Amino acid sequence: MNDNTIIEMSGINKQFPLVKAIDDGKFDLRAGEIHSLIGENGAGKSTMMKILYGVYAPDSGDIRVGDSHYKAMDTKKAIELGIGMVHQEFMLAEGLTVLENIILGSEPKKGSRIDFAKAREKVETYSRDYGLEIDLNKKVIDIPVGEAQRVEIIKTLYRGAKILILDEPTAVLTPQETVNLFKILNALKEDGKSVVFISHKLNEVMEISDRITVMRHGKYIDTANKEDVSIPQLAQMMVGRKVFLGAEKRSHEITDTVLSVKDIYVPSEREHSKIRGISLDIHKGEILGIAGIDGNGQKELAEAVSGLRKVERGAVVLNGKEIQNMNPQKIRMAGLSYIPEDRNVRGMNKSFSIKENLVADCFYKKPYSSRGVLNRKKIDNYAADVIKKYDIRPADTDICIANLSGGNAQKVICAREIDGDFDVLIAAQPTRGVDIGSIEVIRKILTETRDKGKAVLLISADLDEILALSDRIAVIYEGRITGVLKADEATDIKLGLLMTGEEIYEKE
Amino acid sequence: MKKNDYIEILLSILAALFIGGIVIFIMGFNPLAAYGELFKGAFQGNFGFGSTLAKFTPLLLTALAFHISTTVSVFNVGVEGSLYLGAMAAAWVGFGLTGVPAVIHVPLCLIAGAAAGGLWALIPAALKVYYNVNEICTTILLNYVAIDITSYMVNFPLSSKSGSPQTPSISDSASLTEFMLPSKANTGLFIAIALFVVLYWMLYHTTMGYRLRSTGANPAFSEYVGINPKREMMAGMFISGALGGIAGAIEVMGVYGCFLDNFSNGIANNGMLVALISRGDIRIIPVMAFFLAILQSGALGMQRYTSLDDSIISAIIALFILFATMQGLFKLKTTFGGPKKHTGLKTGSEK
Amino acid sequence: MIRNSTSILFAMLACSITQQANILNVGVEGIMLVAAFAAVATSFFTGSWVLAIFAAIIAGVLIALIIAVANIKYKADIFAVGMTVNMLALALTKFANHNILHASGSFTSQDIKPIPDVKVAALSGNAVVDSLFNQYNLMEFIGIILIFVTGYFMYKTVFGLRTRSIGMNQMAALTAGINVVKQKYVVMVISGVLGGLGGAYLSLGYTHMFTENMTNGRGFMGVAAMFFGNMNPVLGWVGCLLFGLLDSVGSQLQAYGIPSQLILMQPYIITVLILSAVLIVRKRKKTKLQSTNAGEA
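Residues numbered from 1 in each chain as written. Chains lettered and ligands numbered in written order. Predicted model: local features only at pLDDT ≥ 70, side-chain atom pairs only at ≥ 80, totals over all residues.

**Re the overall build of chain C**
Part 1: When its secondary structure is counted, chain C shows 13 helices and two strands.
Part 2: Sequence separation of at least 24 residues holds for 73% of the intrachain contacts in chain C that already meet a minimum separation of 6. (Helix = DSSP H or I, 4+ residues; strand = E, 2+ residues; numbered from the N terminus. Contact = placed C-beta atoms within 7 Å.)

**Thoughts on the overall build of chain A**
Part 1: Secondary structure assignment for chain A yields 17 helices and 24 strands.
Part 2: A compact globule built from 508 residues would reach a C-alpha radius of gyration of about 23 Å, and chain A, at 25 Å, matches this within 12%.
Part 3: Taking the principal axes of the C-alpha coordinates as reference, chain A spans close to 75 × 55 × 45 Å.
Part 4: A burial count over chain A gives 49% of its 508 residues as buried. (Rg over C-alpha atoms; globule rule 2.2 N^0.38 Å. Buried ≥ 20, exposed ≤ 12 C-beta atoms within 10 Å, placed from the backbone.)

**So, the packing of helix α8 (residues 207–217) of chain B against helix α10 (residues 229–256) of chain B**
Residues and elements named next belong to chain B.
Part 1: Following both chains from N to C, one finds α8 and α10 inclined at 110°, their axes separated by 9 Å at the closest point. Looking at the two axes, α8 sits roughly perpendicular to α10. Residues Arg 211, Leu 212 and Thr 215 of α8 touch α10, and the partners they reach there are Pro 229, Glu 232, Met 233, Ala 235 and Gly 236.
Part 2: Of the residues assigned to the contact of α8 with α10, the class counts are four nonpolar, two polar and two charged. (Axes fitted to C-alpha atoms, helices over the stretch in contact; angles between N-to-C directions. Parallel < 35°, antiparallel > 145°, perpendicular 65-115°, else oblique. Nonpolar A, V, L, I, M, F, W, Y, C, P; charged D, E, K, R; others polar.)

**What about the interface of chain A and chain C?**
Part 1: If you look at the interface, chain A gives 25 residues, while chain C gives 20 residues.
Part 2: Those elements giving two or more residues to the side of chain A that touches chain C turn out to be α2 (75–80), β8 (113–114) and β13 (257–266) of chain A.
Part 3: Class assignment for the residues of the side of chain A that touches chain C results in nine nonpolar, five polar and eleven charged.

**Some remarks on the domain arrangement of chain A**
Residues and elements named next belong to chain A.
Part 1: Domain annotation of chain A identifies domain 1 (5–239) and domain 2 (257–499).
Part 2: Computed over C-alpha atoms, the centres of domain 1 and domain 2 are 35 Å apart.
Part 3: If you look at the interface, domain 1 gives 13 residues, while domain 2 gives 15 residues. (Domains from an automatic or database assignment.)

**Remarks on the interface of chain B and chain C**
Part 1: On the side of chain C, 39 residues touch chain B, which itself brings 39 residues to the contact.
Part 2: Sorting the residues of the side of chain B that touches chain C by element identifies α5 (102–131), α6 (135–155), α11 (267–277) and α13 (311–325) of chain B as the ones contributing at least two each.
Part 3: Sort the elements by how many residues they give to the side of chain B that touches chain C and α6 of chain B lands first, with 13 residues.
Part 4: Here the side of chain B that touches chain C is composed, by residue class, of 24 nonpolar, twelve polar and three charged.

**Let's talk about the pairing of strand β1 (residues 5–15) of chain A**
Residues and elements named next belong to chain A.
Part 1: For β1 and strand β2 (residues 20–30), the ladder comprises seven bridges, and the chain directions are antiparallel. From the neighbouring strand, Thr 5 faces β2, where its bridge partner is Arg 30.
Part 2: One ladder, built from five bridges, connects β1 with strand β4 (residues 60–65); its direction is antiparallel. Its bridge partner lying in β4, Met 9 is registered against Ile 63. (Pairing = 2+ DSSP bridges.)

**Some points on the sheet that holds strand β17 (residues 321–322) of chain A**
Residues and elements named next belong to chain A.
Part 1: Strand order in the open sheet made by the four strands is β14-β13-β16-β17, with antiparallel pairing throughout. Sheet topology places β14 (275–283) and β17 at the edges, where each strand pairs with a single neighbour.
Part 2: Direction of pairing for β13 relative to strand β16 (residues 313–318): antiparallel, over a ladder of five bridges. Bridge pairing in β16 places Val 261 opposite Val 316.

**Details of the nonpolar core**
Part 1: In this structure, Ile 426 and Leu 458 of chain A, Ala 90 of chain B together with Ala 36, Ala 39 and Ala 56 of chain C are the most contacted members of the largest nonpolar core, which totals 377 residues.
Part 2: A total of 15 residues in this core trace back to one element, the largest contributor, which is α10 of chain B.
Part 3: Apart from residues no more than four positions distant in its own chain, Ile 426 of chain A is found in contact with Ala 302, Val 305, Ser 306, Leu 336, Tyr 338, Ile 339 and Leu 457 of chain A. (Core = buried A, V, L, I, M, F, W, Y, C linked by C-beta atoms within 7 Å.)

**With respect to unusual backbone geometry**
All names here are of chain C.
Part 1: We note that Lys 75 has phi near 55°; this positive angle belongs to a residue other than glycine.
Part 2: One can find Lys 75 in the loop between α3 (49–73) and α4 (78–99).
Part 3: With a phi close to 55°, Asn 213 is a non-glycine residue in the positive phi region.
Part 4: Relative to the assigned elements, Asn 213 resides in the loop between β2 (210–211) and α10 (218–228).

**Notes on the packing of helix α8 (residues 231–239) of chain A against helix α17 (residues 492–499) of chain A**
Residue and element names in this part refer to chain A.
Part 1: Orientation of α8 relative to α17, taken along the N-to-C sense of each, is 100°, at an axis distance of 9 Å. Judged by the angle between their axes, α8 and α17 are roughly perpendicular. Contacts from Pro 232, Ala 235, Gln 236, Met 238 and Val 239 of α8 reach α17 at Asp 492, Ile 493, Leu 495, Gly 496 and Leu 497.
Part 2: In terms of residue class, the contact of α8 with α17 is built from seven nonpolar, two polar and one charged.

**Quick notes on the sheet that holds strand β9 (residues 163–167) of chain A**
Residues and elements named next belong to chain A.
Part 1: Judged by pairing direction, the sheet is mixed, and its six strands sit side by side in the order β6-β9-β10-β3-β11-β12 without closing on themselves. Two strands bound the open sheet, and with one partner strand each, they are β6 (83–86) and β12 (219–225). Geometrically, the sheet is characterised by an average inter-axis angle of 20° between neighbouring strands, direction not taken into account.
Part 2: Packing of helix α6 (residues 175–190) onto the sheet brings it into contact with β3 (34–38), β9 and β10 (194–199), and relative to β10 it is tilted by some 150°.
Part 3: Each of β3, β11 (211–216) and β12 is contacted by α8, which is oriented at about 30° to β11, the strand it contacts most.

**Structural notes on the confidence of the model for chain A**
Part 1: Mean pLDDT over chain A: 85, with 95% of residues reaching 70 or higher.
Part 2: Between residues 242–247 of chain A, whose pLDDT stays under 50, and residues either more than four places distant or in other chains, the model counts twelve contacts. (pLDDT = per-residue confidence, 0-100.)

**Here's the deal with α8 of chain A**
Part 1: Buried residues of α8 of chain A: Leu 234, Ala 235, Met 238 and Val 239 of chain A, and no others. With its buried residues spanning 115° around the axis, α8 of chain A presents them on a single face. (Arc of directions from axis to C-beta.)

**Remarks on the pairing of strand β23 (residues 472–477) of chain A**
All names here are of chain A.
Part 1: Burial runs high along β23: six of the six residues are buried.
Part 2: Residue alternation in β23 divides its side chains into two sets, Arg 472, Ala 474 and Ile 476 and Ile 473, Val 475 and Tyr 477, and both sets are buried.
Part 3: Pairing analysis gives four bridges linking strand β15 (residues 287–291) to β23, with the strands arranged parallel. If you follow Leu 288 over to β23, its bridge partner there is Arg 472.
Part 4: In the sheet, β23 pairs with strand β24 (residues 480–486) via six bridges, with the strands oriented antiparallel. When the sheet's bridge partners are listed, Arg 472 is paired in β24 with Lys 486.
Part 5: Taking the residues between adjacent antiparallel strands as the criterion, β23 and β24 are bridged by two residues, where Glu 478 takes a positive phi near 50°.

**Details of the confidence of the model for chain C**
All names here are of chain C.
Part 1: Of the residues in chain C, 88% reach a pLDDT of 70 or more, and the chain-wide mean stands at 83.
Part 2: Across chain C, the secondary-structure element scoring lowest on mean pLDDT is helix α5 (residues 127–133), at 59, and the one scoring highest is α3, at 93.
Part 3: With a pTM of 0.79, the predicted complex shows an ipTM of 0.80.

**What about helix α15 (residues 436–451) of chain A?**
Residues and elements named next belong to chain A.
Part 1: In this model, α15 (16 residues) spans 23 Å end to end at C-alpha, consistent with the 22 Å of a helix rising 1.5 Å per residue.
Part 2: Within the sequence span of α15, burial applies to Ser 438, Val 441, Ile 442, Arg 443, Ile 445, Leu 446, Thr 449 and Arg 450.
Part 3: Tucked inside the fold, the buried residues of α15 contact β15, α13 (376–390), α14 (406–418), β21 (424–428), β22 (455–460) and α16 (463–469).
Part 4: Of the residues one or two after α15, Gly 453 is the one with positive phi, at around 100°. (Expected span 1.5 Å × (residues − 1).)

**As for the environment of Ile 284 of chain B**
Part 1: Turning to its location among the elements, Ile 284 of chain B is positioned in helix α12 (residues 284–306).
Part 2: Residue Ile 284 of chain B is classed as buried on the basis of its C-beta count, with 22 C-beta atoms lying within 10 Å.

What follows is the structure, encoded as structure tokens:
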């Protein structure tokens, strides 16, 4: 054991209701180092650090900080021990000034007044020492994201943090702001502070880290010094393979283009998800898989095509007709079905029954209603058929869909979307949060849809799924397509590179 | 609605009655006898039962009005304002038009009331839908504006100039027949019940109802299936205001025969509370409204025979509602299962 | 005008404090009413207006606690609880008026000791100065002082900062280690104190009697004034003055044939307009931030 190690987590296990987030996880941190923790979405890196910061308690395992061992942390203790965390979602009160936000909870007092002068002095010291430029008097609602992040960093320093955990800090920053952040992190390192840098952006990680730890599917994979490892190697460790739930691929010919995305620009709340010029063609009878680490614009792409998000520039052409910025229902009627990635938000009405959800897209059409009156009998029959066909449990058409497991709810949504006339199906993260049995059913639905001659746009953060189902694979990174490959040409390494920003263009 | 909810409501009633009973006892009366007089007062004779029915009508309508707005997840506290404006509109059409047969005049007045109430509700609705202005604030404030507008109208342009703050009486052709005299019961009761049935049918058996409920359940999803949440919220609010307006119209046409300044003593607020304790289940609303009507009209009976004044009943009612709005007040060991079906009722500020 | 607005002032302050913590205290009407009764009853029975003020405060705090427990512990909708408490207050005070004071409608008596006016001897020489400064009730002074005390507390002390942070982002407050539940209770208690003072003023300062439903919407006017001033006590005071001014102007204009109702509704309309304007601006800002600025790409 290196004498320099100030934090050591071992044997950590954490089970959430539907998924085992951490499976025998470990992590250690040395004094004065910048240590990156990388992995795909769902790898467990955020959870691991939240356990260290006391947001979650592990089911088992040991946390050593300095010379003391802990079974679990709470945030107060973590702060006392000098651990500070900057979350992905900023914990700032918008209407308060920067200074007020920083001192909240640990305000210096002069009698009953807050001693703003003293606070200001202390904060300005940190600001100077580490190059954290902030305007103390502005309200948080008026400052740009990069500055808000610096505020969060000072918050931790103000409470005496010697160990800083940053969760995906560059996700919200422009390239210039990222450069500034790295300057700040180096200044902190120079002062003897330690930094845990959670990220999935390999080029950044290679630039800033001393050591890098990789996690995958909740498990610890490996730790390496930066000098000893290359980006492709990291990519491979990150995306590795597990059980192959493959489907039969048949050789097929590329036929007519049914959906064409032409150089679209789509806005987003997050800087790196803003789509700045994506072009794609999808053909009849093919599954085009969109691979990429979650948060690179997939959601925005799906929503733009389905009409739920504005397309600021460019065009989306379906069957020869331009559909961008049309009302979602009209796009649907033009031949597009969509299985959304967040089914609870965009996929269903949680408080409605199965049958009411099944007819959500057609309740106003015959035979389910006529002249504004719902035909309950027809709706009931349809629901009963679907339940039987896809083995939905519990098998009761009237039951509130909130009582179904994720897998069953997703089956209901899929059933709804593939019923009826459509030419293109967009499936975004269709098997996320779904049990194995339902995964099979859903994947079968997708391939059958393709076999019927329809086009499927499959968006998934699960690379196995993409590889198993797609005929062609396009990779998305920071709102752009970095490359398109035929399925049989796609290797883990190539995909890993594309997913982290390298660009490979095939001649089309 | 979970069975738990039913039990909590029941326990709230019992708790409130129990506390009230203690106070009655301290005052020197037998609580059971007193409650007996209460129920007698609410059911006995034309005056008793008639009063109950008369109070039930506006309570039911305003409760439904509030319920519909929460169906599209808007808190329409402005039903009182719609009530007043609807009443004024109905009164105007009632005394303004003469020589029209009842079969036309009555519906015309009701439509006027509904239109006035509905359009009024569109103001806070638009502010919320397009600019996200908290509808609780705007509707409370606008209530006062509505009351002031009608107060102005009844004291000046539309005044009967008879010394009391009222409009001229409406024609007979605009009146709703009273029955069970000398109570204030009138055929508006049947209108209210009919509207309840229509509303229920609309919500659960028509595409319009589906769209409204879907908007309240999940606006994001509704948007995706082509339902325009903005439009549905406006529609829901319009219906809400319209129901309030009809409630006001009925009071004018069946009870007072004219518009009386400040005639409502918070009718719509009581209706709103009825809707809130029904916890989102529209079928409970008539039951709760009827129960409240019993308490309110029985209070008079209890007062007559026991010399206890009706403030005791008001306090009991208030306590009951207070208990009923709290969740988990009664520690129920067993959870009677059954999936939840209602949409939550949360204030805007809680979001 | 000052007289009219003072009771609204107390209500506004009571609401502003809780609204900073995102609690819409519409029950302030009920708090004031119960406190008003408690004040009159105590003054009548003990002959001491000081005790009466204490009684009013205690009554106010009790009612505020009922609201607080129902909302914070039992998750009852704050609006429903507030309105219900108002109902309860109306009923309780009516009952107490009948059975404790044996009065119906209003209760007046020579034995009610009112809160005194403040007379500064030195100023009473000059008639003009006297009428400007010497005709004010103690509570009116206290009210004005409280505006600034509240402002100070809200914006300069730890307590105020934490309360405001709860209202803006409860999660941020929680992760900063603040005991949100305790803070909310404290804020409600203070609201009860302020409402209590307002009630005492109403029955022992502005009038010297208790009348059933004497608050008559002043609590809600306080809520409206609070929105007008966007939770800021000083701006809220402007709102109170506006309400008070228009109320007295209204009655005077009646002599000229302008209906008071048209005047009375102005402050409400203005508040709605202000609220809307603020939110429209905010929405425009947000849309701009999310754009890709495709034109410049």
